[in-house]
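Tertiary structure, described
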Amino acid sequence: MEVSQQLNNKQVLKGQAGKEPFPISVLSLTVGAFAIGMTEFVIMGILPNVASDLNVSISAAGQLITMYALGVAVGAPIMTILTSRIPQKKLLCILMLLFILGNGLSVVAPNYAVLMIARMITALTHGTFFGVGAVIASKLVRADKQAGAVSIMMAGLTIANIIGVPIGTYIGQNWGWRASFGAIAVMGILALIGIIIFIPKLKLSKQVSVLKQLSAIARPKLLVYLLIAALGNAGLFAVFTYITPLLTDITGFAEHNVTWILILFGIGVTVGNIVGGKLADWKLMPSILGLYLTIAVVLTIFTFTVHNEIASVITIFLWGAASFAVFPGLQVRIMSLAQSAPALASTSSHSAGNLGNASGAFIGGWVITHLSLGALPWVGAILVGLALVLGLLSYRTDSKNP
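Per an unreviewed UniProt entry, the chain goes by MFS transporter and derives from Paenibacillus glycanilyticus. Taken verbatim from the UniProt record of the chain, the Subcellular location (unreviewed entry) comment is "Cell membrane".

Take a look at the structure:
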């Protein structure tokens, strides 16, 4: 039975201005993305609490963030290959069960080592969930709505930064850091229920051997786009990792005001994610290239506006919107290039992104040490500019050899 026949006619999310609605099943993926976004980022707000309770240094506690990112980068493609024969709905359920287990283990972790293991368990679910979820979301809608569906799912990750992380941090600071992970586990349970009820049973695609999947991923054109994703994220995190000292030491904001600015950044991220999906459905490659150009320009402007409070806030909002608007289109482009291995390609894009996150944070630290804190925005612009150049070269090659 076709997917469209399996969906209940009432299970839809009405679109804007009378446009064809998205299936409500996509929203169940959004809830899962929200939960995963919380578990990835909430640790940053409760890091001192974790370090104090487990009697480790802040730098040691910070490795919980680093190892999570590496777990996503390295573990996600491996998990996707190992689980490729499992029906996609069943796989999502297994991933959410592992996610709930990892966060439940975090709640009762008696020491640092057990908490690290718990974080690694949840990290293994991250990339595979987004990879498989993006493929499912794209199957639930018409071909010309795929990027929009992916952006609806990814909105869970961005909304987590606006709502989930501040709430999780508040819970952790007032009822203990373990309560934060307990709340995340509850969100995981809600996501699991939504997946069981609303995600239709999709026919398992024709099985492709591991060797053929790896060959599909190893195509030079696809590798270029994975590099583009990594460079784009590196430009983002070279600046975003150190946004607090930028705003306090250079702009002159009080530290308590930074939280509100980051919430505004998160709103920009959410708006950009949705708009980016619509732009990609309209014109895929022109929108990707145009957005990378916009990001590079905005970061260059931020080099100057960082010295003014009002101008810096406006720039940060635009930067957040443009930076995340590019993700849905890039995800769809990478999946389309993989052909026989869309789930592995989608997962690999998250791995590349996380490697970019780690690289950007490292580059940003080097810039602060050897150049200056104020140099971060234009260095970030250069990294994004490199992604743009690669994208333009690839686009020109595609045009000459359609």
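That shown, we press on.
Turning to the overall build of the chain, a few remarks are in order. Scanning the chain for helices and strands turns up 16 helices and two strands. Within the chain, buried positions represent 54% of all 402 residues. Long-range pairs, those at least 24 residues apart, make up 82% of the contacts in the chain with a sequence separation of at least 6. Total accessible area on the chain is roughly 17300 Å²; 69% of this is exposed by carbon and sulfur atoms.

Turning our attention to the packing of aromatic side chains. According to the stated counting rule, one finds nine aromatic pairs in the structure shown. With 5.9 Å between their ring centres and 75° between their planes, Y170 and W175 make a pair best called edge-to-face. Residue class for Y170 comes out partly exposed when judged on its relative accessible area of 48%.

Before going further, it helps to spend a moment on a nonpolar patch on the surface. Among the surface-exposed residues, V31, V186, I189, L190, I193, I196 and I197 lie close enough to one another that they form a single nonpolar patch of about 590 Å² accessible area. With six residues, the top contributor of residues to the nonpolar patch is helix α8 (residues 177–198). The partly exposed category is assigned to V31, whose relative accessible area is 31%.

Moving on, we come to the pattern of salt bridges. For the structure shown, the criterion picks out one salt bridge. The residue D53 makes a salt bridge to R178 at a minimum N-O spacing of 3.4 Å. Here D53, found in helix α3 (residues 47–54), pairs with R178, found in helix α8; they are 125 residues apart in sequence, far enough to count as distant. Under the relative-accessibility criterion, D53 is labelled partly exposed at 42%.

Moving on: unusual backbone geometry. In this structure, N55 is a non-glycine residue whose phi angle is positive, near 60°. Its location among the elements puts N55 in the loop between α3 and α4 (58–82).

One finds L29, V50, L92 and F129 to be the most contacted residues of the largest nonpolar core, which totals 58 residues. Excluding residues that lie within four positions of it along the chain, L92 makes contacts with L29, F129, V132, G133, I136 and I195.

Here we take up the packing of helix α10 (residues 220–240) against helix α13 (residues 284–305). In the contact formed by α10 and α13, the axes pass within 12 Å of each other and the chain directions differ by 25°. In terms of their interaxial angle, α10 and α13 are classed as roughly parallel. With respect to the hand of their crossing, α10 and α13 are arranged in left-handed fashion. Residues Y225, I228, A229, G232, G235 and V239 of α10 lie in contact with α13, whose contacting residues are M285, Y292, L299 and F302. Looking at the contact of α10 with α13 residue by residue, the classes come out as eight nonpolar, two polar and no charged.

The topology assignment puts T39 in helix α2 (residues 25–45). Exposure remark for T39: the relative accessible area of 0% places this residue in the buried category. Among residues more than four places away in sequence, those in contact with T39 are Y68, F99, N103, R119, F181 and I184.

A few words now on helix α6 (residues 112–139). With 28 residues, α6 ought to run about 40 Å at 1.5 Å a step, and its terminal C-alpha atoms sit 41 Å apart, in line with that. The buried fraction of α6 amounts to 20 of the 28 residues, a majority that puts the element mostly inside the structure. Residue N111 occupies the N-cap position of α6, its side-chain oxygen lying 3.2 Å from the main-chain nitrogen of A113.

So, on to the confidence of the model for the chain. For the chain, per-residue confidence averages 81 on the pLDDT scale, and 85% of positions sit at 70 or higher. Here residues 1–21 is a poorly scored stretch, pLDDT under 50, and it has 29 contacts once near neighbours within four places are set aside; other chains count.

This part takes up the packing of helix α5 (residues 88–108) against α6. At a minimum axis separation of 8 Å, α5 and α6 run at an interaxial angle of 155°. Relative to α6, the element α5 is oriented roughly antiparallel. The crossing of α5 and α6 is left-handed. Partitioning the contact of α5 with α6 into residue classes produces 15 nonpolar, eight polar and one charged.

A separate point is the environment of I94. Position of I94 among the secondary structure elements: in helix α5. On the basis of relative accessibility, which here comes to 32%, the residue I94 falls in the partly exposed class. Linking I94 and F129, residues 35 residues apart in sequence, is a C-alpha distance of 9.9 Å.

The next subject is the environment of L222. Within the secondary structure layout, L222 lies in helix α10. For L222, a relative accessible area of 0% puts it in the buried group.

Here is what the cut-offs are and how they apply
Residues numbered from 1 in each chain as written. Predicted model: local features only at pLDDT ≥ 70, side-chain atom pairs only at ≥ 80, totals over all residues. Heavy atoms only, no water. UniProt positions renumbered as here; feature names shortened; annotations may be inferred. Helix = DSSP H or I, 4+ residues; strand = E, 2+ residues; numbered from the N terminus. Buried < 20%, exposed > 50% of the residue type's maximum accessible area, 1.4 Å probe, protein only. Contact = heavy atoms within 4.5 Å. Areas by Shrake-Rupley, 256 points an atom, 1.4 Å probe, with all protein chains shown as cover. Phe/Tyr/Trp six-rings, centres within 6.5 Å; stacked < 30°, edge-to-face > 60°. Patch = residues over 30% accessible without salt bridge, like charges linked within 9 Å, V, L, I, M, F, W, Y side chains within 5 Å. Salt bridge = Lys/Arg side-chain N within 4 Å of Asp/Glu carboxyl O. Core = buried A, V, L, I, M, F, W, Y, C linked by side-chain atoms within 4.5 Å. Axes fitted to C-alpha atoms, helices over the stretch in contact; angles between N-to-C directions. Parallel < 35°, antiparallel > 145°, perpendicular 65-115°, else oblique. Left-handed = near helix turned anticlockwise from the far one by under 90°. Nonpolar A, V, L, I, M, F, W, Y, C, P; charged D, E, K, R; others polar. Expected span 1.5 Å × (residues − 1). Polar contact = N/O pair within 3.5 Å; in protein donor to acceptor, adjacent residues only side chain to side chain. pLDDT = per-residue confidence, 0-100.

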